[in-house]
Amino acid sequence: MIDVKILRESPESIRESQIARGEDPKAVDELVKLEAVQRDLLQKYEELRAEQNAVSKKVGQAEASERQAIIETTKRLASEVQQAKEASDKARDEFTSKLSLIQNVILGAPSGGEEDYNVLETVGNKRDFKAEGFEPKDHLELGEGIKAIDVERGAKISGTRFYFLTGIGARFELALINMGVEYALENGFTPMVTPTLVRPEIMSGAGFTDRHDDEIYRMREPDEQYLTGTSEVALAGYHKDEILDLSRGTKRYAGISTCYRREAGSHGKDVRGIIRVHQFNKVEMFSYATESQAEAEHQAFLGFEKAMINKLELPFRVIDTAAGDLGSSAARKFDCEAWLPTQNRYLELTSTSNCTTFQARRMNTRYRDQNGKTKTANTINGTLATTRWLVAFLENHQQKDGSIYVPKAFRKFLGGLEVIEPVKDFCANAKGHAKVEGK
RNA sequence: GGUAGUGUGUCUGAGUGGCCGAAAGAGCACGCCUCGAAAGCGUGUGCACGGUAAUACGUGUCUAGGGUUCGAAUCCCUACACUACCGCCA
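Everything numeric here is computed off the predicted structure, so don't read it as measured data.

## Things to note about the overall build of chain A
Reasoning step 1: For chain A, the helix and strand inventory stands at 14 helices and 18 strands.
Reasoning step 2: Dimensions along the principal axes, computed over C-alpha positions, put chain A at roughly 100 × 45 × 40 Å.
Reasoning step 3: In chain A, buried positions account for 41% of the 439 residues.
Reasoning step 4: By sequence separation, contacts in chain A at least 24 residues apart represent 71% of the contacts at least 6 residues apart.

## Considering the protein's contact with RNA strand B
Reasoning step 1: In the region of RNA strand B, 16 residues are neighbours, and Ala50, Asn53, Val59, Gly60 and Thr74 sit closest.
Reasoning step 2: Contributing elements (two or more residues each) for the surface near RNA strand B: helix H3 (26-61) and helix H4 (64-99).
Reasoning step 3: Among the elements that take part in the surface near RNA strand B, H3 stands out by supplying 10 residues, more than any other.
Reasoning step 4: Each residue belonging to the surface near RNA strand B can be placed in one class, and the counts come to five nonpolar, seven polar and four charged.

## Overview of the confidence of the model for chain A
Reasoning step 1: Summarising the model, chain A shows a mean pLDDT of 89, and 95% of its residues fall at 70 or more.
Reasoning step 2: Overall fold confidence (pTM) sits at 0.89, and the ipTM for the predicted complex is 0.81.

## A word on the nonpolar core
Reasoning step 1: Counting 98 residues, the largest nonpolar core has Ala338 and Ala392 as the members making the most contacts within it.
Reasoning step 2: Ranked by the residues each element gives to this core, the list is headed by helix H8 (residues 168-186), at eight residues.
Reasoning step 3: Taken domain by domain, this core gets at least three of its residues from each of domain 1 (4-99) and domain 2 (118-433).

## Observations concerning the sheet that holds strand S6 (residues 217-218)
Reasoning step 1: Pairing is antiparallel across the open sheet formed by three strands, whose spatial order is S5-S7-S6. Lying at the two open borders of the sheet, with one neighbouring strand each, are strand S5 (197-198) and S6.
Reasoning step 2: Here two bridges tie S6 to strand S7 (residues 226-227), and the two strands are oriented antiparallel to one another. Among the inter-strand pairings, tyrosine 217 is bridged to a residue of S7, identified as leucine 227.

## Remarks on the pairing of strand S12 (residues 332-340)
Reasoning step 1: The element S12 is extensively covered by neighbouring structure, given that nine of its nine residues are classed as buried.
Reasoning step 2: Bridge analysis of strand S11 (residues 316-320) against S12 gives five bridges, and the strand direction is antiparallel. Looking across to S12, one finds that valine 318 is bridged to cysteine 336.
Reasoning step 3: Note: S12 against strand S13 (residues 345-354), nine bridges, orientation antiparallel. Paired with arginine 332 across the two strands is asparagine 354, which belongs to S13.
Reasoning step 4: A loop of four residues connects S12 with S13, the two strands running antiparallel in sequence, and asparagine 344 in this loop sits at a positive phi of about 55 degrees.

## A short note on the domain arrangement of chain A
Reasoning step 1: Along its sequence, chain A is organised into domain 1 (4-99) and domain 2 (118-433).
Reasoning step 2: Using only C-alpha atoms to locate each centre, domain 1 and domain 2 end up separated by 44 Å.

## Regarding unusual backbone geometry
Reasoning step 1: A positive phi angle, near 45 degrees, is found at aspartate 270, a position not held by glycine.
Reasoning step 2: In this fold, aspartate 270 is placed in the loop between strand S9 (251-260) and strand S10 (279-289).
Reasoning step 3: One non-glycine residue, threonine 356, lies in positive phi territory at about 40 degrees.
Reasoning step 4: Inspection of the secondary structure assignment puts threonine 356 in the loop between S13 and helix H12 (358-363).

## A short note on the sheet that holds strand S8 (residues 243-244)
Picture the strands of a sheet paired through backbone hydrogen bonds; they go either parallel or antiparallel.
Reasoning step 1: Taken in spatial order, the three strands line up as S8-S14-S15 in an open sheet, and their pairing is mixed. Looking along the sheet, the strands with just one partner apiece sit at the ends: S8 and strand S15 (374-376).
Reasoning step 2: Sheet topology places strand S14 (residues 366-368) next to S15; three bridges connect them, and they run antiparallel. Following the sheet pairing, arginine 366 is matched in S15 by threonine 376.

## What about helix H2 (residues 11-20)?
Reasoning step 1: Considered for burial, the residues of H2 that qualify are Ile14, Ser17 and Gln18. For H2, the angular spread of buried residues about the axis comes to 100 degrees, placing them on one side.

## What about the pairing of S11?
Reasoning step 1: Two elements, strand S1 (residues 118-123) and S11, share five bridges in a ladder whose sense is antiparallel. Bridge pairing in S11 places valine 123 opposite phenylalanine 316.

## Section: H8
Reasoning step 1: Helix length check: H8 (19 residues) gives 26 Å between terminal C-alpha atoms against 27 Å at 1.5 Å per residue, within 8%.
Reasoning step 2: Buried residues of H8: Ile168, Gly169, Arg171, Phe172, Ala175, Leu176, Ile177, Met179, Gly180, Tyr183 and Ala184, and no others.
Reasoning step 3: Phi for glycine 188, located one or two positions after H8, is positive at around 85 degrees.

## Section: the environment of alanine 307
Reasoning step 1: Mapped onto the elements of the fold, alanine 307 is located in helix H11 (residues 294-311).
Reasoning step 2: Here the alpha-carbon distance between alanine 307 and leucine 384, two residues 77 residues apart in the chain, equals 9.6 Å.

## Overview of the environment of serine 287
Reasoning step 1: By the secondary structure assignment, serine 287 is in strand S10.
Reasoning step 2: Serine 287 sits 201 residues away from glutamate 86 along the chain, and the two C-alpha atoms are 40 Å apart.
Reasoning step 3: Beyond its immediate chain neighbours, meaning those up to four positions away, serine 287 contacts Thr250, Lys251, Arg252, Glu297, Thr379 and Ile380.

Each value, and the rule that gives it
- Residues numbered from 1 in each chain as written.
- Chains lettered and ligands numbered in written order.
- Predicted model: local features only at pLDDT ≥ 70, side-chain atom pairs only at ≥ 80, totals over all residues.
- Helix = DSSP H or I, 4+ residues; strand = E, 2+ residues; numbered from the N terminus.
- Buried ≥ 20, exposed ≤ 12 C-beta atoms within 10 Å, placed from the backbone.
- Contact = placed C-beta atoms within 7 Å.
- Near = placed C-beta within 6 Å.
- Nonpolar A, V, L, I, M, F, W, Y, C, P; charged D, E, K, R; others polar.
- pLDDT = per-residue confidence, 0-100.
- Core = buried A, V, L, I, M, F, W, Y, C linked by C-beta atoms within 7 Å.
- Domains from an automatic or database assignment.
- Pairing = 2+ DSSP bridges.
- Arc of directions from axis to C-beta.
- Expected span 1.5 Å × (residues − 1).

Here is the structure:
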């Protein structure tokens, strides 16, 4: 939720932000009017209420003889107050429900839609498979070759866009998570295994509202929880209604959780393999920061993501996402996208957003500044590692014979494996991939 | 799932219809004392919104939402949470 103060004091900045996102700025003008109406009605109610309180107070002190007369007048007042309150509440509800539809005010993001991102940086070199003398295979073919991915049985068991990670695939997943957690620890994050079912107010507080029905799983009645698509949701709610001490730096958490996404709006997109799936695992960075810490923390998150991708020796680029492609909570978002040789395009591996005060406002998470004043906290989130990395890993590190090179920094998390060899038979242990470091 | 109890400010905790935004203590801030600190003493100390040049002032807030009443921390209902016991279960 955006700050009402900004709406009152500089609605122009919100208008501009909405325009950059490709939204109709008329909604902002309407909100300004609604806010004034709402405030006016609130004042009227409060005046009446003050009068009622004053008169009611006299009842207790009055002599028995005059008490009855006073009660008569307060009775009349009480019904007026009731009416004024109803009018005021109604105006407030209308205002807040419309206010909550306004997305966060952007912070330097380029304006425009999905294609209007800025490329900030390109890291590493794309491999030249022609020069190497073979046609690259895609991640699914490779994954099946080393018996790491089984989408057929995934579909049999759960439906399309589900998969099994088998043998070395399952080990890759655990290794990646372990590497992420170890790296997070080195950088002052507290690892957290989070709930993946959350109450509706946590879901909407984090900025995932019912508007996103086609993206979100929800429990059947009478259970009201949502399945979260990222541990960001649980971590954004973790400090709900709390006042944090951020005087010694940001509060950093690394959420480890399974993530669930309906992907109902993405028919026909990324249908092959495990690029876009309903369920995956993720290590997610999440930070609470003061106003002055927030942008630096966002940059730090981007740095952590780049470092992690470098550990896997993947070629990638960093983009500054355009306003129209930001989530409603984000004021700015950087994505790291790995090169996908078989599709001749980049694929999003990480995403880090600065949500400024948008999430924390509804969660009522605050901190005290140097003067002891309470202020709404800023939240920053970012992917540290996730199942999708397997796709980029397989495609970029494949060798002519279908084996997969394991980057040095990653080996210790994978039992010392240097190369993953294709295997004929399904094999749940490492014996089928026996090239171990040092041997 | 059932029954019972509990839910008060940063924390502990008093408060059973008007004198309660709330005793007391702790914590915190400031001052005195001290070379400095601790102890001691004194003063102050919630939040949100409206309002003001700033004060003043007003409204709301004792888990949340309803209700009763002229008036609710206090009485009633519902939800949520916690605790205990029972049941069930990995």
